[in-house]
Amino acid sequence: YVFHHSIPSLAHPVPVKHKPLLAVVFSSAIGVSFVAYLCVGVVVSLYFGVNTLSPSNLNWETYRGRQCDHFNSAPPIYARVISFFVVIFPAMDVASAYPLNAYT
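Only a predicted model underlies this, so the values are computations on that prediction, with no experimental measurement involved.

## Considering the overall build of the chain
Move 1: Along its length, the chain carries four helices and zero strands.
Move 2: The order of helices and strands in the chain, counted from the N terminus, is α-α-α-α.
Move 3: For the chain, the proportion of its 104 residues judged to be buried stands at 13%.
Move 4: In the chain, 35% of the contacts between residues at least 6 apart in sequence involve partners at least 24 apart.

Quick look at the structure:
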């Protein structure tokens, strides 16, 4: 929805001589996003398999890092930061669309 809704407003301030390049810019953005999400989807499905939670970012809620004793110690700070970032990212990504919608 945001993509369909925002294209005209994003394209409007571009000078007329550069408008033909917009197709390349928007197509590239879609292509890069597709490849990124495809890679994430393949890696998550291969690593977590049939135990993948939905949404898949919740699988990282219990991430404890590589060097952590999983039963007797608290996870290292880097593991907590990574876990927090991966779990909260989808909500922040959705929230980031609100300023774009407000502008358009």
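## Some thoughts on the side chain of Ser83
Move 1: Turning to its location among the elements, Ser83 is positioned in helix α3 (residues 77-95).
Move 2: Judged by its relative accessible area of 8%, Ser83 is buried.
Move 3: Aside from chain neighbours lying at most four places away, what touches Ser83 is Trp60, Glu61 and Tyr63.

## Considering the packing of aromatic side chains
Move 1: Tallied over the full model, the rule gives four aromatic pairs.
Move 2: Residues Tyr47 and Phe48 carry aromatic rings whose centres are separated by 4.8 Å and whose planes lie at 90° to one another, so their mutual orientation is edge-to-face.
Move 3: A relative accessible area of 66% places Tyr47 in the exposed class.
Move 4: Seen from their ring centres, Phe85 and Phe89 are 5.7 Å apart, and the 45° between their planes marks the pair as tilted. On the criterion of helical spacing, the pair formed by Phe85 and Phe89 is a turn pair, its members being four residues apart in helix α3.
Move 5: Residue Phe85 is classed as exposed on the basis of its relative accessible area of 52%.

## With respect to the environment of Leu22
Move 1: In this fold, Leu22 is placed in helix α2 (residues 20-48).
Move 2: The contacts of Leu22, once residues within four sequence positions are left out, are Ala11 and Val14.

## Things to note about a nonpolar patch on the surface
Move 1: Together, Phe34, Val35, Leu38, Val42 and Leu46 line one region of the surface with nonpolar side chains, adding up to about 510 Å² of accessible area.
Move 2: With respect to the helices and strands, the residue Leu38 is situated in helix α2.
Move 3: Exposure remark for Leu38: the relative accessible area of 46% places this residue in the partly exposed category.

## Considering the side chain of Asn59
Move 1: Mapping Asn59 onto the fold places it in the loop between α2 and α3.
Move 2: A polar side-chain atom of Asn59 sits 3.1 Å from the main-chain amide nitrogen of Leu53.
Move 3: Engagement of the side chain of Asn59 in a polar contact is seen with the backbone oxygen of Ser56, the distance being 2.8 Å.
Move 4: Contact partners of Asn59, with chain neighbours within four places excluded, come to Phe48, Asn51, Thr52 and Leu53.

## Looking at α2
Move 1: Here α2 spans 43 Å end to end across 29 residues, near enough to the 42 Å set by a 1.5 Å rise per residue.
Move 2: All of the buried residues in α2 are Leu22, Phe26, Val44 and Phe48.
Move 3: Following α2 by one or two positions, Gly49 adopts a phi angle in the positive range, close to 60°.

About the cut-offs
- Residues numbered from 1 in each chain as written.
- Predicted model: local features only at pLDDT ≥ 70, side-chain atom pairs only at ≥ 80, totals over all residues.
- Heavy atoms only, no water.
- Helix = DSSP H or I, 4+ residues; strand = E, 2+ residues; numbered from the N terminus.
- Buried < 20%, exposed > 50% of the residue type's maximum accessible area, 1.4 Å probe, protein only.
- Contact = heavy atoms within 4.5 Å.
- Phe/Tyr/Trp six-rings, centres within 6.5 Å; stacked < 30°, edge-to-face > 60°.
- Patch = residues over 30% accessible without salt bridge, like charges linked within 9 Å, V, L, I, M, F, W, Y side chains within 5 Å.
- Areas by Shrake-Rupley, 256 points an atom, 1.4 Å probe, with all protein chains shown as cover.
- Salt bridge = Lys/Arg side-chain N within 4 Å of Asp/Glu carboxyl O.
- Polar contact = N/O pair within 3.5 Å; in protein donor to acceptor, adjacent residues only side chain to side chain.
- Expected span 1.5 Å × (residues − 1).

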